[in-house]
Amino acid sequence: MYIIAILGNFAILLIVKREQSLHVPMYYFLCMLAVTDLVLSTSILPKMLSIFWFNSREIDFSACLTQMYFAGCFSVMESGIIVAMGFDRYVAICHPLRHSTILTIPVVAKMGLAVVLRSGMLILPYPLLVRQWRYCRTNIIPEPFCAHMAVVKLACGDTHVSSYYGLFVLLCVMGLDGIFITVSYIQILRDIFRLPTKDAQHKTFGTCISHLCVTLIFYIPGLFSSLTYRFGQNVPLHFHVLIGNMNLLVPPMLHPIIYGVRTKEIRGRMLRFITHKG
């Protein structure tokens with residue numbers, strides 16, 4: 001899974017870098033998503049593999065907080081990039097003649113910077129709050145990585161501040177981002193249904209399939225994992241762990257596969273690159 005994520009996302013970055021025709025907003029956002037996936041996978045999987053392969057079950061508290069920050073930060077960043085990609089699809093379909101003037105390179109760069117700053121500032125209180133709690137219970141995290149709520153539950157003091165702030169981040173990220181994506185697709189579908197022929201409707205909607213798949217793969221496990229941690233006291237622990245791992249590990253692996261299969265430009269360059277190497 002990790003190897004597929006690394007190779008797939010590096011392949012996308014290489015293809016977009018080498019092909020001048022792909023230097024457009026859609027593929028810039030795809031590159032941002034690929035970089036985010038690479039960092040997200042690398043922040044979690046090496047330690048996870050050392051647990052399973054070498055039985056190395058200990059992690060320093062500072063390293064745990066660092067892992068928590070990077071995992072949370074790049075998850076929020078991924079959500080912001082998915083919103084930006086949805087906005088790109090909205091402009092491309094609803095305002096095609098103005099696409100190149102609305103989404104210029106400076107605008108794309110500013111959107112990327114805003115996504116990075118938002119994620120960094122929203123997640124920064126996670127390790128700061130967790131560091132101040134006293135830990136007098138077990139020091140065993142029932143997860144193969146330092147998930148925020150898993151660490152918070154080990155504290156023996158009043159941790160309502162961390163819990164409420166985590167819920168605030170969940171509502172800000174998945175709530176607001178979900179609303180923006182939903183509004184974008186309502187506008188997109190409205191314009192698609194105005195097209196004169198079924199063939200034109202199917203062809204136009206086909207340009208959104210990859211983004212829709214990425215959106216569903218990211219948000220459904222993420223939302224379910226966050227809610228079960230806070231409100232699913234009767235949910236079995238192994239199910240918590242399974243959903244949490246799927247939320248962070250499966251999307252980085254599937255994203256390059258989805259865009260490689262569904263996007264003609266990426267698929268064509270990939271096949272040409274493989275046959276040329278062969």
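Residues numbered from 1 in each chain as written. Predicted model: local features only at pLDDT ≥ 70, side-chain atom pairs only at ≥ 80, totals over all residues. Heavy atoms only, no water.

## As for the overall build of the chain
Part 1 of the reasoning: In terms of regular secondary structure, the chain is built from 12 helices and zero strands.
Part 2 of the reasoning: Scaling as 2.2 N^0.38, a compact globule of 278 residues should have a C-alpha radius of gyration of about 19 Å, and the chain matches this with 20 Å.
Part 3 of the reasoning: Principal-axis analysis of the C-alpha atoms places the extent of the chain at approximately 65 × 45 × 35 Å.
Part 4 of the reasoning: The buried share of the chain, reckoned over its 278 residues, is 47%.
Part 5 of the reasoning: Counting only carbon and sulfur atoms, one obtains 70% of the accessible surface of the chain, whose full area is about 14800 Å².
Part 6 of the reasoning: One finds the centroid of the 23 positive side-chain charges in the chain at a distance of 4 Å from the centroid of its 12 negative side-chain charges. (Helix = DSSP H or I, 4+ residues; strand = E, 2+ residues; numbered from the N terminus. Rg over C-alpha atoms; globule rule 2.2 N^0.38 Å. Buried < 20%, exposed > 50% of the residue type's maximum accessible area, 1.4 Å probe, protein only. Areas by Shrake-Rupley, 256 points an atom, 1.4 Å probe, with all protein chains shown as cover. Lys, Arg positive; Asp, Glu negative; His and termini not counted. Charge placed at Lys NZ, Arg CZ, Asp CG, Glu CD.)

## What to know about the state of the cysteines
Part 1 of the reasoning: Going through the model one piece at a time under the given rule, you end up with one disulfide.
Part 2 of the reasoning: In this model Cys64 forms its disulfide with Cys146; the gap between the sulfur atoms is 2.1 Å. What sets the handedness of the Cys64 and Cys146 disulfide is the S-S torsion sign, and at about -125° it is left-handed. Placement of Cys64 in helix 3 (residues 61–94) and of Cys146 in the loop between helix 6 (125–132) and helix 7 (148–152) is noted, with a sequence separation of 82 residues between them. The burial state of Cys64 is the same as that of Cys146; both residues are buried.
Part 3 of the reasoning: Cysteine Cys208 remains unbridged, with the sulfur of Cys94 as its closest cysteine sulfur at 8.8 Å.
Part 4 of the reasoning: Take Cys208: its relative accessible area is 0%, and that puts it in the buried class.
Part 5 of the reasoning: This cysteine, Cys213, is not joined by any disulfide, and Cys208 carries the nearest cysteine sulfur, 11 Å off.
Part 6 of the reasoning: For Cys213, a relative accessible area of 30% corresponds to the partly exposed category. (Disulfide = S-S within 2.5 Å.)

## Regarding the packing of helix 3 against helix 5 (residues 105–123)
Part 1 of the reasoning: Close contact between helix 3 and helix 5 brings their axes to 8 Å; oriented N to C, the two are set at 145°. The way helix 3 lies across helix 5 gives a crossing that is right-handed. In this structure, helix 3 uses Tyr69, Gly72, Cys73, Val76, Met77, Ser79, Gly80, Ile81, Ala84 and Phe87 to contact helix 5, whose residues at the interface are Met111, Val115, Val116, Arg118, Ser119, Gly120, Leu122 and Ile123.
Part 2 of the reasoning: Residues that form the contact of helix 3 with helix 5 fall into these classes: 12 nonpolar, five polar and one charged. (Axes fitted to C-alpha atoms, helices over the stretch in contact; angles between N-to-C directions. Left-handed = near helix turned anticlockwise from the far one by under 90°. Contact = heavy atoms within 4.5 Å. Nonpolar A, V, L, I, M, F, W, Y, C, P; charged D, E, K, R; others polar.)

## Overview of the packing of helix 2 (residues 25–54) against helix 5
Part 1 of the reasoning: One can describe the packing of helix 2 onto helix 5 by two numbers: an axis separation of 11 Å at closest approach and a directional angle of 25°. When the axis of helix 2 is compared with that of helix 5, the two are roughly parallel. For the element pair helix 2 and helix 5, the recorded crossing hand is right-handed. Together, Pro25, Tyr28, Phe29 and Met32 of helix 2 and Ile105, Val108, Met111 and Gly112 of helix 5 make up the contact between the two elements. (Parallel < 35°, antiparallel > 145°, perpendicular 65-115°, else oblique.)

## With respect to the confidence of the model for the chain
Part 1 of the reasoning: Considering every residue of the chain, the mean pLDDT works out to 84; 94% of them sit at 70 or more.
Part 2 of the reasoning: Within the chain, helix 5 carries the highest mean pLDDT (94), whereas helix 12 (residues 264–277) carries the lowest (68). (pLDDT = per-residue confidence, 0-100.)

## Some remarks on helix 3
Part 1 of the reasoning: An ideal rise of 1.5 Å per residue puts 50 Å on 34 residues; helix 3 measures up with 49 Å between its terminal C-alpha atoms.
Part 2 of the reasoning: Within helix 3, 25 of the 34 residues are buried, which leaves the element mostly enclosed by the surrounding structure.
Part 3 of the reasoning: Looking at where helix 3 begins, the residue whose side-chain oxygen comes 3.0 Å from the main-chain nitrogen of Ser62 is Asp60. (Expected span 1.5 Å × (residues − 1). Polar contact = N/O pair within 3.5 Å; in protein donor to acceptor, adjacent residues only side chain to side chain.)

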